[in-house]
Amino acid sequence: MITLQTDTPLALHHLHVTSEDPQRLGSFYTNLFDLKVVPHNGNQIALAGGSRAIVVHYGKSGEFAAAAYAARDEAALATLKAKLGDLAETTTPADEIFFRQGAIRIRDPQGRCLIIGVPNKQRSPDELPARLQHTVFQTTQLEAVLDFYVNKLGFVISDEVVDTEGRVTTCFLRSDDEHHSLAFFRGSQDVWDHHCYETSSWNDIRDWGDRFARARYSIFFGPGRHGPGNNLFFMITDPDGNRVELSCDLQRVDAAHPPGVWPHEEYTLNSWGRGWIRT
Ligand SMILES: [Fe+2]
């Protein structure tokens, strides 16, 4: 079967977020994540450094604007564009701050935006490793959303969490060899759940914990180990209340891997301790 993983792998490259106080939010990512302002023709604050980047737009805080995924090269992007046909919408200038001309914009059935493009700059190594790696949403329409991402875009289900009635409550989707670059929780609201940075070792997790502690940002979930993905993690919140995850040892999954099934319980979300069950 042809999927993103087998044919045109995508990796999360940067995020577009909205904030009522873009300067304050921008300062958080500049100071804590070693990002620098990238000049461009627009009102947004574009920040990049190492293997992470974010664009902050003025708007309602916490209202997600777009997830930007990188294709490997122009040829892969052209293949994907041909496959997506009318689903690809016209991009805005802000969509191409970190991408070459020709990026595409896609809207899911609930209006979430994905931008897919080829990065316009090669990344430099991080001082403290943490590559932007995945983003997660809560949705009231899990079936419709999964149908779109799997059957239209080509994401692949790595693992599902299923409740006692056989209903899927969480689905982890991959777009390359990493266990998930996107996931959805069934919830009572359509909200952005969190985004995550993948580090290179448990020692990095320690160093990130110390860095946030020095700036007085305390952990609200974790440290622990997720069942699906098997990654070690902790989470903090940024000044807008957006949840930020630091992770390491995320599982790699080959294309033939069948979807796993996990029970809907705290141990699945955090095998070391308390889970955070979305409702
Ligand atoms: Fe996560």
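Residues numbered from 1 in each chain as written. Predicted model: local features only at pLDDT ≥ 70, side-chain atom pairs only at ≥ 80, totals over all residues. Heavy atoms only, no water.

Taking an unreviewed UniProt entry as the reference, the chain is identified by name as Glyoxalase/bleomycin resistance protein/dioxygenase belonging to Paraburkholderia piptadeniae.

Draft legend 1. Highlighting the UniProt feature "domain: VOC" (unreviewed entry) in the chain. UniProt annotation of "domain: VOC" (unreviewed entry) refers to residues 11-119 and 131-249 when read in the numbering used here. The span residues 11-119 carries 21% helix and 37% strand; its end-to-end C-alpha distance comes to 11 Å. Secondary structure across residues 131-249 comprises 21% helix and 45% strand; the distance between its end C-alpha atoms is 12 Å. (UniProt positions renumbered as here; feature names shortened; annotations may be inferred. Helix = DSSP H or I, 4+ residues; strand = E, 2+ residues; numbered from the N terminus.)

Draft legend 2. Looking closely at the sheet that holds strand β10 (residues 168-174). One open sheet holds the nine strands; their spatial order is β13-β14-β15-β12-β8-β11-β10-β9-β16, and the pairing between them is mixed. Either end of the sheet is taken by a strand with one partner, and the two such strands are β13 (221-225) and β16 (260-263). Averaged over all adjacent pairs, the angle separating strand axes in this sheet is 20 degrees, with direction ignored. Across the sheet, helix α4 (residues 142-153) lies against β8 (131-139), β9 (156-162), β10 and β11 (182-186), angled at about 165 degrees from β11, the strand it touches most. (Pairing = 2+ DSSP bridges. Axes fitted to C-alpha atoms, helices over the stretch in contact; angles between N-to-C directions. Contact = heavy atoms within 4.5 Å.)

Draft legend 3. Structural view of the nonpolar core. With 56 residues, the main nonpolar core has Tyr29, Phe33, Tyr149 and Leu246 as its most contacted residues. With six residues, the top contributor of residues to this core is α4. Two domains share this core, each providing at least three of its residues, namely domain 1 (4-117) and domain 2 (131-269). For Leu246, the contacting residues outside a window of four places in its chain are Phe33, Ala130, Tyr197, Thr199, Ile205, Trp208, Phe212, Leu232, Phe233 and Phe234. Counting seven residues, the second-largest nonpolar core is a separate cluster that includes Ala66, Ala68, Cys113 and Ile115. (Core = buried A, V, L, I, M, F, W, Y, C linked by side-chain atoms within 4.5 Å. Buried < 20%, exposed > 50% of the residue type's maximum accessible area, 1.4 Å probe, protein only. Domains from an automatic or database assignment.)

Draft legend 4. Quick peek at the sheet that holds strand β1 (residues 10-19). As summarised here, the arrangement of the seven strands in space is β2-β3-β4-β1-β5-β7-β6, forming an open sheet in which the pairing is mixed. Of all the strands in the sheet, just β2 (36-37) and β6 (104-107) have a single pairing partner and so form its edges. Pairing of strand β3 (residues 45-49) with strand β4 (residues 52-58) involves five bridges; the strand directions are antiparallel. Across the sheet, Leu47 pairs through a bridge with Ile54, a residue of β4. Here helix α2 (residues 22-33) sits on the sheet in contact with β1, β3 and β4, set at roughly 170 degrees to β4.

Draft legend 5. Structural view of the side chain of Glu160. Relative to the helices and strands, Glu160 is located in strand β9. In this structure Glu160 is buried but unpaired, with Arg186 as the nearest side chain of opposite charge at 8.7 Å. (Lys, Arg positive; Asp, Glu negative; His and termini not counted. Salt bridge = Lys/Arg side-chain N within 4 Å of Asp/Glu carboxyl O.)

Draft legend 6. Seen up close, empty space enclosed by the protein. For the structure shown, the criterion picks out two cavities of 30 Å³ or more. If you add up the space inside the largest cavity, you get close to 90 Å³. Along the wall of the largest cavity there are 13 residues; nearest its centre are Phe172, Phe185, His194, His226 and Glu245. For the lining of the largest cavity, the secondary structure elements donating two or more residues are β8 and β11. Residue composition of the lining of the largest cavity, grouped by class: seven nonpolar, four polar and two charged. Space inside the second largest cavity adds up to approximately 80 Å³. Among the secondary structure elements, those contributing two or more residues to the lining of the second largest cavity are β10, β11 and α6 (266-269). (1 Å grid on protein atoms, 1.4 Å probe; cavity = no way out; pocket = protein on both sides within 12 Å on 5 of 7 lines; lining within 4 Å. Points joined across faces, edges and corners; volume = space filled by probe spheres on them. Nonpolar A, V, L, I, M, F, W, Y, C, P; charged D, E, K, R; others polar.)

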